[in-house]
Amino acid sequence: ATYPDGAHDAEALLIAGDGRLHVVTKGETGPVAVYRFPAQLQSGASMKLERVGPAAKAGAQSRITDGAVSPDGQWAVLRTKSALTFYRASDLFAGRWTAANRVDLTPLKEPQGEGVALGAGNTVFVASEGGGKGRPGTFARFTCAPRGSAKPLSAT
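Given the structure is predicted, the values throughout are model-derived calculations rather than measurements.

Some thoughts on the overall build of the protein
When its secondary structure is counted, the protein shows 1 helix and 12 strands. Relative to the globule expectation of 15 Å for 156 residues, the C-alpha radius of gyration of the protein, 16 Å, shows essentially globular dimensions. Overall size of the protein, expressed as C-alpha extent along the three principal axes, is 45 × 40 × 30 Å. When the 156 residues of the protein are sorted by exposure, 42% land in the buried category. Here the analysis covers contacts within the protein between residues at least 6 apart in sequence; of these, 39% occur between residues at least 24 apart. Per element, the accessible surface of the protein, about 8300 Å² overall, is 51% carbon and sulfur. Each charge sign in the protein was given a centre, from 18 positive and 13 negative side chains, and these centres are 5 Å apart.

As for the sheet that holds strand β6 (residues 75–79)
With antiparallel pairing, the 4 strands of this open sheet are ordered in space as β5-β6-β7-β8. Edge strands, defined here as strands with exactly one partner in the open sheet, are β5 (66–69) and β8 (99–104). This sheet shows a mean twist of 20 degrees between the axes of neighbouring strands, independent of strand direction. Sheet topology note: the β5/β6 ladder contains 4 bridges and is antiparallel. Its bridge partner being in β6, G67 is matched across the sheet by L78.

Let's talk about the environment of G131
With respect to the element layout, G131 can be found in the loop between β10 (123–129) and β11 (138–146). Accessibility expressed as a relative area gives 27% for G131, which makes it partly exposed. For the pair G131 and E110, spaced 21 residues apart in sequence, the C-alpha to C-alpha distance is 8.5 Å.

A few points about the confidence of the model for the protein
Per-residue confidence for the protein gives a mean pLDDT of 89; residues scoring 70 or more make up 92%. Low pLDDT, under 50, characterises residues 149–156; the stretch is placed with 30 contacts to residues that sit more than four places away or in other chains.

Regarding the pairing of β10
Sheet topology note: the strand β9 (residues 112–119)/β10 ladder contains 7 bridges and is antiparallel. Each bridged residue has a counterpart across the sheet, and for V116 the counterpart in β10 is V126. Here β9 folds back onto β10 in antiparallel fashion, the turn holding 3 residues, of which G121 has a positive phi close to 65 degrees.

What to know about empty space enclosed by the protein
Enumeration over the complete set of coordinates arrives at 1 cavity of 30 Å³ or more. Roughly 30 Å³ of internal volume is contained in the largest cavity. Taken together, H8, D9, T25, K26, G27, E28, T29, G30 and P31 make up the lining of the largest cavity. Residues belonging to the lining of the largest cavity are distributed by class as follows: 1 nonpolar, 5 polar and 3 charged.

Thoughts on the packing of aromatic side chains
Counted under the stated rule, the structure contains 3 aromatic pairs. Measuring from centroid to centroid gives 4.8 Å for Y3 and Y35, while their planes differ by 80 degrees, and the two rings are edge-to-face. Taken together, the positions of Y3 in the segment before β1 (10–15) and Y35 in strand β3 (residues 32–36) put the pair 32 residues apart, joining distant regions of the chain.

Some remarks on the sheet that holds strand β4 (residues 50–56)
Note on sheets: strands pair through backbone hydrogen bonds, and any given pair is parallel or antiparallel. The 4 strands are arranged β1-β2-β3-β4 in an open sheet whose pairing can be described as antiparallel. Every other strand in the sheet has two partners, leaving β1 and β4 as the edge strands with one partner each. Recorded for the sheet is a direction-independent mean angle of 20 degrees between the axes of neighbouring strands. Pairing between strand β2 (residues 21–25) and β3: 3 bridges, direction antiparallel. Its bridge partner being in β3, V24 is matched across the sheet by V34.

Rules behind the numbers
- Residues numbered from 1 in each chain as written.
- Predicted model: local features only at pLDDT ≥ 70, side-chain atom pairs only at ≥ 80, totals over all residues.
- Heavy atoms only, no water.
- Helix = DSSP H or I, 4+ residues; strand = E, 2+ residues; numbered from the N terminus.
- Rg over C-alpha atoms; globule rule 2.2 N^0.38 Å.
- Buried < 20%, exposed > 50% of the residue type's maximum accessible area, 1.4 Å probe, protein only.
- Contact = heavy atoms within 4.5 Å.
- Areas by Shrake-Rupley, 256 points an atom, 1.4 Å probe, with all protein chains shown as cover.
- Lys, Arg positive; Asp, Glu negative; His and termini not counted.
- Charge placed at Lys NZ, Arg CZ, Asp CG, Glu CD.
- Pairing = 2+ DSSP bridges.
- Axes fitted to C-alpha atoms, helices over the stretch in contact; angles between N-to-C directions.
- pLDDT = per-residue confidence, 0-100.
- 1 Å grid on protein atoms, 1.4 Å probe; cavity = no way out; pocket = protein on both sides within 12 Å on 5 of 7 lines; lining within 4 Å.
- Points joined across faces, edges and corners; volume = space filled by probe spheres on them.
- Nonpolar A, V, L, I, M, F, W, Y, C, P; charged D, E, K, R; others polar.
- Phe/Tyr/Trp six-rings, centres within 6.5 Å; stacked < 30°, edge-to-face > 60°.

Shown next as structure tokens:
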């Protein structure tokens, strides 16, 4: 796939509830943005991605290292080295940067926070690469519980 506005660094590939693939750029060389693959994927063909909505400003602490979608397709999460930001999937995939909640991961003291996955039962998994001097990578699991039927998730 190619971006419509030049090359970007990206580490997050998300699958929406409707099966559409989305890429979220890292924000390393420009703003963070959501790009969507065409609805009909073609094997062996180079496809042009479509940017969805406006880009968001990125700083050193807000570079996207991964992302995931909940099994029910209702929530999406973007990970930075030190935080998780939850969005209603419909908002993120429409290019609306309206965060539903943010979880600070600095208490985990990860060497280099990189991965996130959302599992059944509101389970969140986070992983870190190892650090210098032989520090091993880390893996943590926690749950997020809905605060109410129309309210965002919160870490517990």
